[in-house]
Each structure stands twice: as C-alpha cells, then as structure tokens.
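For reference, the chains in residue letters:
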Amino acid sequence: MLHNKGTKRIYELKNGFTPMWVKPDFILSSLKCFSFSGLCQCLNEIKVRGYSFEMVFSILVSLPFLGYSTVHSLTRSVMEDYIQARKDTFYRLKNNPKVCWRSILWMFSVKFRKVAEQQGRPSANRVRCLVFDDTVISKTGKYIEKVSRVWDHVVNRCVLGYKLLLMGYWDGTSLTPLDFSLHRERGKNDEKPYGLKKREYKKQYRKKRQPGTHACDRDKETDMTKIESALRMFRRAITQGFQVDYVLMDSWFTCEAFIHAVCKVKSQVVHLIGMYKNAKARFLYCGQLLTYSQIRNMIGKPKRCRKLRLYYLETCVELNGIPLKLFFSKQGKNGKWKVLVTTHTEITFIKMIEIYQIRWTIEVFFKESKQLLGLGKCQSNDFDAQIADTTLTMIQHILLTLRYRFDTYESKGELFRSLQENMVQLRLNERLWGLFIELLNIIDTLFDQEDVTTLLEKILTNDWAYEKISRLLNDDQIFRRVA
C-alpha cells in the first residue's frame, strides 16, 4: 500500500483509495453500472460445469478491494468460510486458453465510455486522445513462460520480465485502458537467447496452444514488434467507434508507419503528435530532401515562449507526400533540441505542448496500477494467467476510475445519487500541466541546460522523487499556474 496519505499533487486514484471504497457495496454497485450480468451471459459458455463465470470473475476482480493480493491469500483467510470454491477453480479460469481476455477488456472500456457520456457533463473544449506507451513488468522467475530480459531505459539496464505495451483513451476527463500486449526481447547474443542461459531457456514452462485460439494469438504477439502491435490496437479503437482527436506517443513509437495509419482514417479527422528521433529520415523542405537537423539550421533564429520559458522553432514539411509540422524545442540557450512532429499543420506551439503533456497521464496509470492494484505481480508460469491477471488489473482500474470520476470531477451525477455536491477538482491533465510549468520555472532558474521531459519521466517512474515533488508543490500554486 502507498505511503503518505496526504499526497494530492500527481496521484489520481490514490487519493480516493479509502476504506469506503473497499466495502462490498462499492464492488456490487460498480459492477452493476457496467451491466456486468449482461456481459457475463456471453461468457458463461466457457464454464459449463461447476461455478459460474460471473461468480469466479467477480471474486477475482474484488481481490485488491478486499485486501488480498493473491487467490491463495484469499482462500487462506477468514473469507474461506464464505467462498465455497477452492483456489484451483480460480487458477483454471486464468489458465483457460479459450477465454478472450481482450474482448472482456473491450467490453468494459466501451461500457465505461457509454456510462461516462450518459451520466457526465462533457466539456465543449475537451480533447480526446489515444495514448501509447510501454513499461517494464518485472518478474522473479526465469522459468515463467515467455519471460526474457528486457531493456529498462529508466534504470539503463536489462531486467527480467516483459514489456507491457498499452493503448489508453483520454476522453477529456480520465484515462482508461483499451488494449495491451506483452512482449519479450530476443537480444543480440545467440549464446543467451532472450537474455537467458540456454539451460534456463530450455527449462522455461511451455504450453501447447491450439492454432486459431485467442491464447495462440496472444502467444504470437510476444515476438511481434511493438510498432506492429500498436498499429493493430489503433485500428481496433477506430473500428470500435472511439472518437479520437490526437494520437500521442513518445519517440519509441513515432514513425512513418504510424503517420500513414493516422492519415488513412476516413471516418474521422485524427492527428498525431509525437516526439521524433529518426535522424536519418528526410523531409521535403524548400524543394530539398533534408534531415530535421539540416532543416533546423536553415530556419533561423529561435523564438522564445514566455509562458513555458522554452526556445522553439517551427516549420511545415512533407514526408512522402504527407504534410507535417516540425517543432524544435529546447530548455535554455545551451539545452538540447527536442523534435516533435504533428500532422496538424495549423496548431500553435503552446497548444501542441499542452496537448502532448496529456501523454503523461499514462505514466500515472502505470504508477498507480503497480502500487495500488499489483500490476505485474502475478508469478504464474502459465502465460495465459499473465494475460488474465493484467486484464483483471485494468478492469479494476476502470472500476476505480469511474467511481473517482463522479466523486471528484462531476459536481452532480445520476450514477451515484448519494454523492454530495462539492467543488470539482482539477483534472489530472490540468494538474500535470501545472506541474510541467512549475518544473520549467525551477529548471530555468537553477539548471539552464536540463531537459524537463526527461526530469518529468524520472519523477513519474521513481518512487522517492514522486513523493518529494508531490509534497513540495501545493494546490494553490499549481492552480495559479493552470489559470
């Protein structure tokens, strides 16, 4: 459990993770909002004997709210007298290759969107975004199926585990997970496949999966490139009818393939904003094919944004016939240039930065899911159980997000009539925007050459820095910055 209950700055769901939320009525009312019984009707065929899917699934979703981290701890507790099913019942469901956990997560995500739109008060100026990012899911067992050593750029070393690629949807108020995939990295050393000794790799758990099953598709995803997997997720979101204004991503995902995919969407106008690092890519500028470094040297003297205290340059280019806008930004005169690219050629620099910082909400999601809900703590050897556990964590986050949304962001709501009407709290993206500006001021004063994006990432991924900055910044100061 998290420490420092008074922290209010960066945390989202943590502030409301109170004893009131872990009562049975919260779980039942939350599942009722999602028409859970109706969702389970199409899944009951999975368990034709024994306990129903609805009962087993409900208990699995309820574990963190009841104060239990694993099924084993639940069945060994005082709850044993109230639950007739034994632990094998739950493990069999998580290991079942016939369960399409992706479809279950989509059901909850789509239902969340409908409930939020019906019961909430949508803002006329809201920006809806798809956010892509990955994080490391650490493991301790080398014999877990599909586990490998993956590179963690935060600590600059390889760790044992998976890379979790997530697509989140920001609807202008809160971020909800839509889709994810787990990946492994083979590495360059043939003597150590996937970063493991050959004897360790041979002892890894292996499970035969029937071709064409959902589990087999998930199994193949582990060796798929994250770009290809992200593109598939993006197409699923558009097919599901999610309204998207911008697709946000960092330099690991911004590429020509994604730019083409965004521009090919016909049902709605979608733009991409992403950090860019491909130094060899050539853009058409002034009739010449040039790299972004050559273009930057030709633009001229940079402008200075007083509000953000950033130096920047901007220009329009083309990439294989697609019109783009390049932004070059740096902190201080001696700072390093960062390159951002967008398909929205009419956007201003401040507006682009304001929208791009919404991407940090997915870092908050990773932080809270790992600390509050135990994302990645599953130690089952079966890869199907790893997928099931990750899906359950994201569904738990969706339940908490809906409750937090109407507790904190909505002054009135038909969904929870018992709530008192209070002042609506600043939304997460607004608080992050205030933090972003505050960090810029500190860096500009003390460290003229530092980079705020790198610092913000370190804060969101480091527990000690996360707590410290939360204590230092107070609500009034941030509110003045946002206003």
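Everything that follows concerns the structure shown earlier in this document.
Residues numbered from 1 in each chain as written. Predicted model: local features only at pLDDT ≥ 70, side-chain atom pairs only at ≥ 80, totals over all residues. Heavy atoms only, no water.

Q: Break down the overall build of the chain for me, citing the residues and quoting the values.
A: Of regular secondary structure, the chain possesses 18 helices and twelve strands. Burial analysis of the chain (483 residues in total) assigns 55% to the buried set. Sequence-distant contacts, at least 24 apart, represent 67% of the contacts inside the chain between residues at least 6 apart. (Helix = DSSP H or I, 4+ residues; strand = E, 2+ residues; numbered from the N terminus. Buried < 20%, exposed > 50% of the residue type's maximum accessible area, 1.4 Å probe, protein only. Contact = heavy atoms within 4.5 Å.)

Q: Quick rundown of helix α11 (residues 292-299)? Include the residues and the values.
A: Inspection of α11 places Y292, I295 and R296 among the buried residues, and these make up the whole buried set. The arc that holds every buried residue of α11, seen down its axis, measures 100°, which confines them to one face. Structurally, α11 contributes buried residues whose contacts are with β6 (271-276), β7 (283-285), β8 (288-290), β10 (310-319), β11 (322-330) and β12 (338-342). Just downstream of α11, G300 is the residue with a positive phi angle, here 120°. (Arc of directions from axis to C-beta.)

Q: Describe the packing of aromatic side chains, with residues and values.
A: Taken as a whole, this structure holds 13 aromatic pairs when the rule is applied. Taken together, F57, W101 and F108 form an aromatic cluster joined through their ring pairs. In this structure, R184 packs its charged tip against the face of Y194, placed 4.0 Å from the ring centre. Across from the ring centre of Y201, 4.7 Å away, lies the NZ or CZ of R206, which sits over that ring. (Phe/Tyr/Trp six-rings, centres within 6.5 Å; stacked < 30°, edge-to-face > 60°. Lys NZ or Arg CZ within 6 Å of the ring centre and 35° of its normal.)

Q: Before we move on, can you summarise the packing of helix α9 (residues 226-239) against helix α10 (residues 256-263) with the specific residues and values?
A: The N-to-C vectors of α9 and α10 enclose an angle of 10°; their axes lie 10 Å apart at closest approach. Between α9 and α10, the crossing angle belongs to the class labelled roughly parallel. Taking contact as the criterion, the partners of A230, L231 and F234 in α9 are, on α10, A257, F258, A261 and V262. A per-class count over the contact of α9 with α10 returns seven nonpolar, no polar and no charged. (Axes fitted to C-alpha atoms, helices over the stretch in contact; angles between N-to-C directions. Parallel < 35°, antiparallel > 145°, perpendicular 65-115°, else oblique. Nonpolar A, V, L, I, M, F, W, Y, C, P; charged D, E, K, R; others polar.)

Q: Which residues make up the pairing of strand β1 (residues 129-138), and what values go with them?
A: Sheet faces and side chains relate simply in a regular strand, where the side chains alternate between the two faces. Here β1 lies mainly inside the structure; nine of its ten residues are buried. Where β1 lies against strand β3 (residues 157-170), ten bridges are found, and the strand directions are antiparallel. The residue of β3 that forms the bridge with D134 is L165. Bridge analysis of β1 against strand β5 (residues 246-249) gives three bridges, and the strand direction is parallel. Paired with L130 across the two strands is V247, which belongs to β5. (Pairing = 2+ DSSP bridges.)

Q: Please provide a residue-by-residue account of the nonpolar core, values included.
A: Looking at soluble globular proteins, one finds that nonpolar side chains tend to be buried together. The biggest cluster of nonpolar side chains holds 72 residues, and the ones touching the most others in it are F57, C129 and F349. In terms of nonpolar packing, the next biggest core, distinct from the first, is built from 43 residues, Y169, V247, V270 and L313 among them. (Core = buried A, V, L, I, M, F, W, Y, C linked by side-chain atoms within 4.5 Å.)

Q: So what about the environment of D389? Which residues, and what values?
A: The residue D389 is located in helix α14 (residues 383-409) in this model. For D389 and V61, which are 328 residues apart along the polypeptide, the C-alpha to C-alpha distance reads 9.5 Å. A polar side-chain atom of D389 sits 3.5 Å from a polar atom in the side chain of K94. (Polar contact = N/O pair within 3.5 Å; in protein donor to acceptor, adjacent residues only side chain to side chain.)

Q: Could you give an account of unusual backbone geometry, naming the residues involved and the relevant values?
A: Backbone geometry at C286 places phi at a positive 55°, although glycine is not the residue there. Unlike most non-glycine residues, N320 shows phi in positive territory, near 50°. Relative to the helices and strands, N320 resides in the loop between β10 and β11.

Q: Please set out α10 residue by residue, giving values where relevant.
A: An α-helical segment advances 3.6 residues per turn. Residues three or four places apart therefore align on the same side. Among all positions in α10, only F258, I259, A261 and V262 are buried. In a view along the axis of α10, the buried residues occupy a sector of 160°, so they form one face of it. Next to the buried residues of α10 lie β1, α9, β5, β6, β10 and β11.

Q: Pulling in residues and values, what's your account of the packing of helix α3 (residues 53-66) against helix α5 (residues 87-95)?
A: Across the interface, α3 lies against α5 with an axial gap of 10 Å and an inter-helix angle of 95°. Looking at the two axes, α3 sits roughly perpendicular to α5. Contacts between α3 and α5 involve F53, V56, F57, I59 and L60 from the first element and T89, F90, L93 and K94 from the second. Per-class residue counts for the contact of α3 with α5 are seven nonpolar, one polar and one charged.

Q: An account of the pattern of salt bridges is needed here, citing residue identities and associated values.
A: Taken as a whole, this structure holds 23 salt bridges when the rule is applied. Across the salt bridge formed by E185 and K163, the nearest N and O atoms sit 3.3 Å from each other. Here K163 lies in strand β3 and E185 lies in the loop between β4 (175-183) and α7 (198-202), a separation of 22 residues in the sequence. Exposure remark for K163: the relative accessible area of 9% places this residue in the buried category. For the salt bridge of R359 with D250, the shortest nitrogen-to-oxygen distance reads 3.9 Å. Pair noted here: R359 is in the loop between α12 (349-356) and α13 (361-372) and D250 is in the loop between β5 and α10, with a separation of 109 residues, a long-range link. Across the pair, D250 and R359 agree in class, each one buried. (Salt bridge = Lys/Arg side-chain N within 4 Å of Asp/Glu carboxyl O.)

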